[in-house]
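Inside the fold
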Amino acid sequence: MSYLKPTSAPSPTPSNASTGASKRKRNDEGNTTVYSQPAETGTGNHVYTQLTYTIEHLRGNQKWHSFEDIMQYLNIPKGDEQQRAQLENMFKSTNPQNRIEYSPANNKYRYKPKFDIRNADQLKGWLQNQKHAQGLSVKDLKDGWANVQEEIKGLEDRKEVLVKRNVKDNQARTVWNNDPSLMNKMDPEFQSEWHKTLLPANPDDLRSKLIQAGLKPSSAPREASNKPKEKKRKAPRRGGKQTNTHMANILKDFSHLRK
């Protein structure tokens, strides 16, 4: 008897439908584009960039500018109504951080510094109206006043302001209000005698001069006191707590028998 080897069953041939489905699945997995959303245009960022350019332009040109002048500087055509409307709303914003000042009277714009001080008269008025004697930083004034250093020098020469200057470049750093009527001239003879009195270069010599003149120098050592300190006596402690004080006229007092 001959034995026949069992043959394996033939594998089914894949249908065209299943092959197409698998191919479509692979293609769908590779395609990640979402067609329902618009592409990123960056319009918002561009508007804020134009706003920054406008602020720098107005800072460098301290005068009133019309809206069309600014649009021409930014090279924004009249047809771009959306961007123009966005910028106009930003220019007219009442936010305290907005650095653009809008005037409804002439419908124009200019740079708005930290302090609305642009000349010497406005500086004097601001210093005279403040309720404190705090100085004003010249750096903050320079933001809206280009030639502030020159005009402060003129006010200082006329004794109308007091100025603190940098040691390195001698530029005005802080300015205060001043009353020229309080500036009194000293007698020339008094000035001469004052400058003739020279202080010793050595601090020890200065102390000796003061002692010779019968004056006590501030750097003199303190004299130690040899008097012994008195010890405070403690008050005698009252022992016990008194009770029944409201019956003192009835009860007998035996406190003298207390040891």
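Quantities reported herein were computed from a predicted structural model and do not represent experimental measurements. (Residues numbered from 1 in each chain as written. Predicted model: local features only at pLDDT ≥ 70, side-chain atom pairs only at ≥ 80, totals over all residues. Heavy atoms only, no water.)

Considering helix α3 (residues 67-74)
Restricting attention to buried positions, one finds in α3 the residues F67, I70, M71 and L74. Along the axis of α3, the buried residues cluster in a sector spanning 100°; they form a single face. Trailing α3 by a residue or two, N75 shows a phi angle of about 60°, which is positive. (Buried < 20%, exposed > 50% of the residue type's maximum accessible area, 1.4 Å probe, protein only. Helix = DSSP H or I, 4+ residues; strand = E, 2+ residues; numbered from the N terminus. Arc of directions from axis to C-beta.)

Some points on unusual backbone geometry
The phi torsion at N75 lies on the positive side, around 60°, for a residue other than glycine. Exposure remark for N75: the relative accessible area of 67% places this residue in the exposed category. Although it is not a glycine, K159 sits at a positive phi angle of roughly 60°. Residue placement: K159 occurs in the loop between α7 (148-157) and β5 (161-165).

Focus on a nonpolar patch on the surface
On the surface, M186, F190 and W194 cluster together to form a nonpolar patch covering roughly 380 Å² of accessible area. Tracing the sequence through the fold places M186 in the loop between β6 (172-177) and α8 (188-196). When its relative accessible area of 47% is taken as the criterion, M186 is described as partly exposed. (Patch = residues over 30% accessible without salt bridge, like charges linked within 9 Å, V, L, I, M, F, W, Y side chains within 5 Å. Areas by Shrake-Rupley, 256 points an atom, 1.4 Å probe, with all protein chains shown as cover. Salt bridge = Lys/Arg side-chain N within 4 Å of Asp/Glu carboxyl O.)

A short note on the UniProt feature "coiled-coil region" (unreviewed entry) in the chain
The UniProt feature table records "coiled-coil region" (unreviewed entry) at residues 138-165. Helix makes up 54% of residues 138-165 and strand 18%. Its end C-alpha atoms lie 10 Å apart. (UniProt positions renumbered as here; feature names shortened; annotations may be inferred.)

Re the environment of P113
The topology assignment puts P113 in the loop between β3 (108-111) and α5 (120-129). Taking the relative accessible area as the measure of exposure, P113 reaches 5% and is therefore buried. Here the alpha-carbon distance between P113 and W145, two residues 32 residues apart in the chain, equals 8.7 Å. Look past the residues within four positions of P113 in its chain and what remains in contact with it is R99, R118, D143 and G144. (Contact = heavy atoms within 4.5 Å.)

Things to note about the sheet that holds strand β4 (residues 136-137)
Taking strand neighbours across the sheet as the criterion, the 3 strands line up as β4-β6-β5 in an open arrangement whose pairing is antiparallel. For this open sheet the edge positions go to β4 and β5, each flanked by a neighbour on one side alone. Summarising the sheet, β4 and β6 pair through 2 bridges and their orientation is antiparallel. Paired with L136 across the strands is V175, a residue of β6. Strands in contact with α5 are β4, β5 and β6; relative to β6, the strand with the most contacts, it is inclined by about 60°. (Pairing = 2+ DSSP bridges. Axes fitted to C-alpha atoms, helices over the stretch in contact; angles between N-to-C directions.)

Topic: the nonpolar core
Nonpolar side chains tend to gather and get buried jointly when the protein is soluble and globular. Core analysis: the largest hydrophobic core is formed by 16 residues, its most contacted members being I117, L123, L136, L141, I152 and V175. Elements that contribute at least two residues to this core include exactly α5, α6 (138-142), α7, β5 and β6. Once residues lying within four places of it in the same chain are set aside, the contact partners of L123 are I117, L136, L141, W145, I152, L155 and V175. (Core = buried A, V, L, I, M, F, W, Y, C linked by side-chain atoms within 4.5 Å.)

Quick notes on the pattern of salt bridges
Note that side chains of opposite charge can pair when their charged atoms are close. Counting across every chain of the model gives 13 salt bridges. Notably, a salt bridge pairs E68 with R84, separated by 3.0 Å at the nearest N-O pair. Pair noted here: E68 is in helix α3 and R84 is in helix α4 (residues 81-91), with a separation of 16 residues, a long-range link. Judged by relative accessible area, which is 33%, E68 ranks as partly exposed. The salt bridge partner of K92 is E88, with a shortest N-O separation of 3.2 Å.

So, the side chain of N98
Secondary-structure assignment places N98 in the loop between α4 and β2 (100-103). Within the structure, the side chain of N98 is placed 3.1 Å from the backbone oxygen of S93, a separation counted as a polar contact. A distance of 3.2 Å separates the side chain of N98 from the backbone oxygen of I100, its partner in a polar contact. Apart from residues no more than four positions distant in its own chain, N98 is found in contact with M90, F91, S93 and K112. (Polar contact = N/O pair within 3.5 Å; in protein donor to acceptor, adjacent residues only side chain to side chain.)

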